[in-house]
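Observations on chain architecture
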Amino acid sequence: MINLIIFGPPGSGKGTQAQKIVELFDLTHISTGDLFRYEIGNDTPLGMKAKEYMNKGELVPDEVTIGMLENRLNQSNNPNGYIFDGVPRTIAQAEAVNQIMTDRGTEITHLIALDVPDDEIVKRLLERGKTSNRPDDQSEEIIRRRIVEYNAKTSPVFNFYAESGLSNKIDGVGSLDEIFARIKDCLES
Ligand code: ADP
């Protein structure tokens, strides 16, 4: 079983690479950003709550995120495993994910971090904003706020999994295929 966390700052290409890894290993893709956008699209109470934070470029509170993640996992049983995209984004979420996996009789097997410099991220997200219809991609101020949140709250998650020897850093700049090849190398070694 592969239970992989695809990790990195906003705009580092997690979703795109997750899609390719999912196809290769027949995994289930769990993206908390997509789950929140689905809730927002359906005007649910959870969506309304998440939207307040997302549109400011802030993280949604842990209890909301963890509850949603548990619900999603309860509806799924893929013996091949999962790819976690956009979660865990805090140490509390990492502890919750570990507990959920333990309760399911399994564990996180890899964390792959895509390394992309800040200036490149801002450029990519502003470009994506032209077509993504995502309010949080529209302004440089909100994008910078997301990067600040990442550095403060999310980047420590890399070291959290490094303590168990699970964290790998990959150069996230290059063509989609080049980056995917680096990820495959990392999973095979
Ligand atoms: P990106 O990685 O490009 O920022 P996502 O779709 O993963 O895109 O996340 C968009 C927003 O959704 C985040 O800025 C945050 O507000 C919210 N979000 C997504 N996942 C989480 C999470 N695990 N914890 C808290 N907030 C989250």
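Definitions and limits used
- Residues numbered from 1 in each chain as written.
- Predicted model: local features only at pLDDT ≥ 70, side-chain atom pairs only at ≥ 80, totals over all residues.
- Heavy atoms only, no water.
- Helix = DSSP H or I, 4+ residues; strand = E, 2+ residues; numbered from the N terminus.
- Rg over C-alpha atoms; globule rule 2.2 N^0.38 Å.
- Buried < 20%, exposed > 50% of the residue type's maximum accessible area, 1.4 Å probe, protein only.
- Contact = heavy atoms within 4.5 Å.
- Areas by Shrake-Rupley, 256 points an atom, 1.4 Å probe, with all protein chains shown as cover.
- Lys, Arg positive; Asp, Glu negative; His and termini not counted.
- Charge placed at Lys NZ, Arg CZ, Asp CG, Glu CD.
- Expected span 1.5 Å × (residues − 1).
- Arc of directions from axis to C-beta.
- Core = buried A, V, L, I, M, F, W, Y, C linked by side-chain atoms within 4.5 Å.

1. Some remarks on the overall build of the chain
In terms of helices and strands, the chain carries nine helices and five strands. Listing every helix and strand of the chain by position from the N terminus yields β-α-β-α-α-α-β-α-β-α-α-α-β-α. Taking 189 residues into account, the globule formula puts the C-alpha radius of gyration at 16 Å, and the chain, at 16 Å, falls close to it. In terms of overall dimensions, the chain has a C-alpha envelope of 40 × 40 × 30 Å along the principal axes. The 189 residues of the chain split such that 48% are buried. Considering only residue pairs separated by 6 or more positions, the chain has 72% of its internal contacts joining residues 24 or more positions apart. Carbon and sulfur atoms provide 48% of the accessible area of the chain, an area that totals close to 9,600 Å². Averaging the locations of the 21 positively and 30 negatively charged side chains of the chain gives two centres separated by 4 Å.

2. Focus on helix H6 (residues 118–132)
The end-to-end C-alpha separation of H6 is 20 Å, in line with the 21 Å expected for 15 residues at 1.5 Å each. Of all the residues in H6, the buried ones are Ile121, Val122, Leu125 and Gly129. Down the axis of H6, the buried side of the element spans an arc of 95°, and every buried residue falls inside it. The outward face of H6, more than 90 degrees from its buried face, is lined by the exposed residues Asp119, Lys123, Lys130 and Thr131. Those residues of H6 hidden inside the fold are in contact with helix H7 (140–154).

3. Description of the nonpolar core
The biggest cluster of nonpolar side chains holds 29 residues, and the ones touching the most others in it are Phe7, Leu69, Phe84, Ile108, Leu111 and Tyr161. At the level of secondary structure, the elements contributing two or more residues to this core comprise strand S1 (2–7), helix H2 (32–41), helix H3 (45–54), helix H4 (62–74), strand S3 (81–85), helix H5 (91–103), strand S4 (110–115) and helix H8 (156–162). Contacts of isoleucine 108, omitting those with residues within four sequence positions, involve Asn3, Ile5, Phe84, Val97, Asn98, Met101, Tyr161 and Leu166. By size, the runner-up hydrophobic cluster in this structure holds 16 residues, among which are Ile6, Val22, Leu27 and Leu114.

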